[in-house]
Amino acid sequence: MNRFGEDILPEEVAYVMEDKATSSTGNGAFAAAAAGCCGYPCWQAWMDLKDLRAQIHDGCSVAVRVERRVRGQRDSVGVWMGLRGFGHDDAVLADFVLLNDPTADTDGAVNCTMAVTDFLRYFTGRAIALRGKPRDMEADRPRRILCELEKTGEPGVYTFVQRGQKDLLPEEFSGWLAASRHDGIAHATTAHRTFKRLEKTAEGGIRFSAEQLAAGGRYSVYAVDQTGSMRVAEVRLPVPPPPPEPVLQSTAQAAGAAAPVEPSAF
């Protein structure tokens, strides 16, 4: 959806598409329904290689279910991967597929290729296709509530404020709570920013870590609850003063300090 101009966080979608019966976000039908709530035509279907090529040719975003081994697990598991397209390697006269692998060990390894023969071996046939949102399409995307943050008496602890009233996080809040420091880079979407988790206090506030307080600067704070609704606020943490510079002694002072002390007449 972000590829088509939406600005939505994975956590917002995850809570909307969660299957409450299994506490899982692996239900492809729920994923398609979540995208539909945001106004995007989206469907789950059984597809073969020809169908996948057709969807890519039509400009759709496609996710495919692939059976693969994940580090730390003995048996292979089903993983939803983004299908970015197809290609051909003239050097070995072989076709390949371009994938986004969310189980990759590093960010740089997410974009990967797989020979078509290997892909057909591990592809389960399940796919999700998503088209761009029509302009006249009504949407019911997760709510974003614009708030402010108010400092409390405890260092590094703030509370959300909505329209002048405190908006404490409820005791049963078990959602996603994080902050992103403004780094001066124009990111394509909010999801491209770097996030650090925050701690929820027993009183319903948020606590910045010692590392965040030491860095200071401007932060955007996000609190996504179990329904996908999100409180958003910005705060500027004071930048700590630089440490005092060491006092340099003159040569004469250093020599006097190093001179031996005469013993007392007593």
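Just above sits the structure.
This section reports on the structure supplied with the text. (Residues numbered from 1 in each chain as written. Predicted model: local features only at pLDDT ≥ 70, side-chain atom pairs only at ≥ 80, totals over all residues. Heavy atoms only, no water.)

1. Quick notes on the overall build of the chain
Argument step 1. Helices and strands together make up the secondary structure of the chain, namely six helices and 16 strands.
Argument step 2. On C-alpha atoms alone, the chain measures out to a radius of gyration of 27 Å, which is more than a quarter above the 18 Å that the 2.2 N^0.38 rule sets for 266 residues.
Argument step 3. Structurally, the chain occupies a C-alpha span of about 105 × 60 × 40 Å along its principal axes.
Argument step 4. Within the span of the chain, comprising 266 residues, buried residues form 35% of the whole.
Argument step 5. For the chain, the share of sequence-separated contacts (at least 6 apart) that also reach a separation of at least 24 residues comes to 56%. (Helix = DSSP H or I, 4+ residues; strand = E, 2+ residues; numbered from the N terminus. Rg over C-alpha atoms; globule rule 2.2 N^0.38 Å. Buried < 20%, exposed > 50% of the residue type's maximum accessible area, 1.4 Å probe, protein only. Contact = heavy atoms within 4.5 Å.)

2. Concerning the sheet that holds strand β5 (residues 111-115)
Argument step 1. Here we have six strands laid out as an open sheet, ordered β1-β6-β2-β3-β4-β5, and antiparallel in their pairing. Whereas interior strands pair on both sides, the edge strands pair on one side only; in this sheet they are β1 (42-46) and β5. The sheet shows a mean angle of 35° between the axes of neighbouring strands, direction not considered.
Argument step 2. Two strands pair when backbone bridges link them, and strand β4 (residues 94-100) and β5 are joined in this way by five bridges, in the antiparallel orientation. Paired with L98 across the bridge in β5 is T113.
Argument step 3. Along the sheet face, helix α2 (residues 28-37) touches β1, β3 (77-89) and β6 (123-130) and points at about 155° away from the line of β1.
Argument step 4. Running over the sheet, helix α3 (residues 49-57) touches β1, β2 (61-68), β3, β4 and β6 and is turned about 75° from β3. (Pairing = 2+ DSSP bridges. Axes fitted to C-alpha atoms, helices over the stretch in contact; angles between N-to-C directions.)

3. Some remarks on the side chain of Q212
Argument step 1. You can see Q212 is positioned in helix α5 (residues 210-215).
Argument step 2. Polar contacts involving the side chain of Q212 include one to the main-chain amide nitrogen of S209, which spans 2.9 Å.
Argument step 3. Leave out the neighbours within four places in its chain, and Q212 touches A179, K196, R197, L198, Y219 and L237. (Polar contact = N/O pair within 3.5 Å; in protein donor to acceptor, adjacent residues only side chain to side chain.)

4. Some details on the pattern of salt bridges
Argument step 1. Applying the stated criterion across every chain, the model contains 12 salt bridges.
Argument step 2. Note that R141 and E12 form a salt bridge whose closest N and O atoms lie 3.6 Å from each other. Taken together, the residues span a long stretch of sequence, with R141 in the loop between β6 and β7 (144-146) and E12 in helix α1 (residues 10-16) at a distance of 129 residues.
Argument step 3. With its nearest N and O atoms 3.3 Å apart, the salt bridge here joins R121 to D118. With R121 and D118 both in helix α4 (residues 116-122) and three residues apart, the pair spans about one turn of that helix.
Argument step 4. Taking the relative accessible area as the measure of exposure, R121 reaches 55% and is therefore exposed.
Argument step 5. Via salt bridges that share partners, E6, E12, K133, R141 and R144 belong to a single interconnected network. (Salt bridge = Lys/Arg side-chain N within 4 Å of Asp/Glu carboxyl O.)

5. Structural notes on unusual backbone geometry
Argument step 1. Positive phi outside glycine occurs at S23, with the angle close to 55°.
Argument step 2. Note that S23 resides in the loop between α1 and α2.

6. Some words on α2
Argument step 1. Within α2, burial applies to G28, A31, A32, A34 and A35. Looking straight down α2, one finds that the buried residues subtend no more than 155° of arc, so they occupy a single side.
Argument step 2. Where α2 is buried, its residues touch α1, β1, β3 and β6.
Argument step 3. Where α2 starts, the residue carrying a side-chain oxygen 3.0 Å from the main-chain nitrogen of A29 turns out to be N27.
Argument step 4. Where α2 ends, the next residue or the one after it, G39, has phi of about 95°, a positive value. (Arc of directions from axis to C-beta.)

7. Examining the pairing of β2
Argument step 1. Bridging between β2 and β6 involves five bridges; their strand directions are antiparallel. When the bridges of β6 are listed, V64 appears paired with A127.
Argument step 2. Both β2 and β3 contribute to a ladder of seven bridges, which runs antiparallel. Looking at β3, one finds that R65 is bridged to W80.

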